[in-house]
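# Coordinate inspection notes
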Amino acid sequence: MKFIIDSALAGQRLDVALSGLVPEPRSQTQKGIKAGRVKVNQKIAKANYRLRAGDTVQLEPLLSQRALRRQAPLPEVAVIKDTADYVVINKPAGLLVHPARGHNELTLVDWLLKHYPKIKTAGDDPTRPGIVHRLDRDVSGLMVVAKTLASWQNLKQQFQERAVVKEYQALVYGAINNDSGEINFLLARSAQGGKMAARPLGQTGKAALTEYRVTKHFINYTQLKLLIKTGRTHQIRAHLAAFGHPLLGDNLYGTKVTRAANKKFNLGRIWLAATRLAFTDLAGEKQEFKIGLPPELKKVLEKIK
């Protein structure tokens, strides 16, 4: 692609002029310039170059955000068990499960489609093939993904009937005196973007139930095992925050004090991991999987001893 600069564009910065000449956002043209894909008078130019009348601007094809995302290396995902009907994986923290608005990075779905191309027929949403449940981006742990339509239907029904066992390990701020209990706040979309609001029974919202058991007390922290009986968006995070004990590393649902503490830990994720998962396969056999904590979560426990 080549342009001859006329007097109307003379004096403008290169990146500003290009944003009006090509169907790409300015941020994208700036990336193209930085990558050396834009030349002025046959020389690689900088974004702040001031154009002159008669300049020849030549561009290599600028890649869209989607194309750039596709060029990035796929994340590493540990496979726990791989069968003809399903695959159980350990999702790493920092990985989105499926594409979401405003996010351009690769997702677990991209990894699944590369390693299991036939999975695209498993389900009713082509953007979420095989997906029957999710983990938040900054949470790690066990997930089961259906590889066939029959398996997807089977697993989806079990999740709907709350027959799947989903156990998590969590580290929260503060001391919890009761060794076990239930959190049953209703959950609804918050007026604050991207959050769920936990509301007392009797108000509007969807039913949600989280069972907890204290596994270890620390000074100013408590380690828990959690069983969720429902699978609402951000259920554990919203429930624990409303309970007065936000998760370590969770800035979205934390308080001013815990967000400041999170900076000191610099964990880069939420201290929450799905470590046990149980369901019934197509043959009617019970399947159960357990994993340990990832190293970065273990290190936090060592620091607060």
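## Things to note about the side chain of Thr210
Here Thr210 shows up in strand E12 (residues 210-218). Within the structure, Thr210 has its side chain in polar contact with the side chain of His239 (distance 2.8 Å). When neighbours within four sequence positions are excluded, Thr210 is seen to be in contact with Gly181, Glu182, Ile183, Leu226, Leu227, Ile228, Gln235 and His239.

## Some thoughts on the pattern of salt bridges
Counting across every chain of the model gives nine salt bridges. In this structure, Asp124 and Lys156 form a salt bridge, with 3.9 Å as the shortest nitrogen-oxygen distance. With a gap of 32 residues between them, Asp124 in the loop between helix H4 (108-115) and strand E7 (140-146) and Lys156 in helix H5 (residues 149-160) connect regions that are remote in the sequence. Judged by its relative accessible area of 31%, Lys156 falls in the partly exposed class. Here Asp250 makes a salt bridge to Arg237, at a shortest N to O gap of 2.9 Å.

## Looking at the environment of Glu60
Turning to its location among the elements, Glu60 is positioned in the loop between strand E4 (56-59) and helix H3 (65-71). Judged by relative accessible area, Glu60 falls into the partly exposed class, the value being 43%. Remark: the alpha-carbon pair of Glu60 and Leu240, spanning 180 residues in sequence, is separated by 51 Å. Beyond its immediate stretch of four places on either side in the chain, Glu60 contacts Gly36 and Arg37.

## Here we look at the nonpolar core
Residues Leu108, Leu112, Leu226 and Leu272 are the most contacted members of the largest nonpolar core, which totals 33 residues. At the level of elements, strand E6 (86-91), H4, E7, strand E8 (165-173), E12, strand E13 (221-228), helix H6 (235-242) and strand E14 (272-280) are the ones that each hand at least two residues to this core. Element by element, the count of residues in this core is highest for H4, at four residues. Leaving out residues up to four positions away in the same chain, Leu226 has contacts with Lys166, Glu167, Tyr168, Ala170, Thr210, Glu211, Tyr212, Ile236, Leu240 and Leu272.

## Structural notes on the packing of aromatic side chains
If you walk through the whole model with that rule in mind, you get six aromatic pairs. Centre to centre, the rings of Tyr86 and Phe279 are 5.1 Å apart; their planes meet at 90°, and the pair counts as edge-to-face. Separated by 193 residues along the polypeptide, Tyr86 in strand E6 and Phe279 in strand E14 bring together distant segments of the chain. For Tyr86, a relative accessible area of 4% corresponds to the buried category.

## Here we look at H6
Counted residue by residue, H6 has six buried out of eight residues, so it is predominantly covered. Taken as a whole, H6 has its buried residues at Gln235, Ile236, Arg237, Ala238, His239 and Leu240. Where H6 ends, the next residue or the one after it, Gly244, has phi of about 95°, a positive value.

What counts, and at which threshold
- Residues numbered from 1 in each chain as written.
- Predicted model: local features only at pLDDT ≥ 70, side-chain atom pairs only at ≥ 80, totals over all residues.
- Heavy atoms only, no water.
- Helix = DSSP H or I, 4+ residues; strand = E, 2+ residues; numbered from the N terminus.
- Polar contact = N/O pair within 3.5 Å; in protein donor to acceptor, adjacent residues only side chain to side chain.
- Contact = heavy atoms within 4.5 Å.
- Salt bridge = Lys/Arg side-chain N within 4 Å of Asp/Glu carboxyl O.
- Buried < 20%, exposed > 50% of the residue type's maximum accessible area, 1.4 Å probe, protein only.
- Core = buried A, V, L, I, M, F, W, Y, C linked by side-chain atoms within 4.5 Å.
- Phe/Tyr/Trp six-rings, centres within 6.5 Å; stacked < 30°, edge-to-face > 60°.

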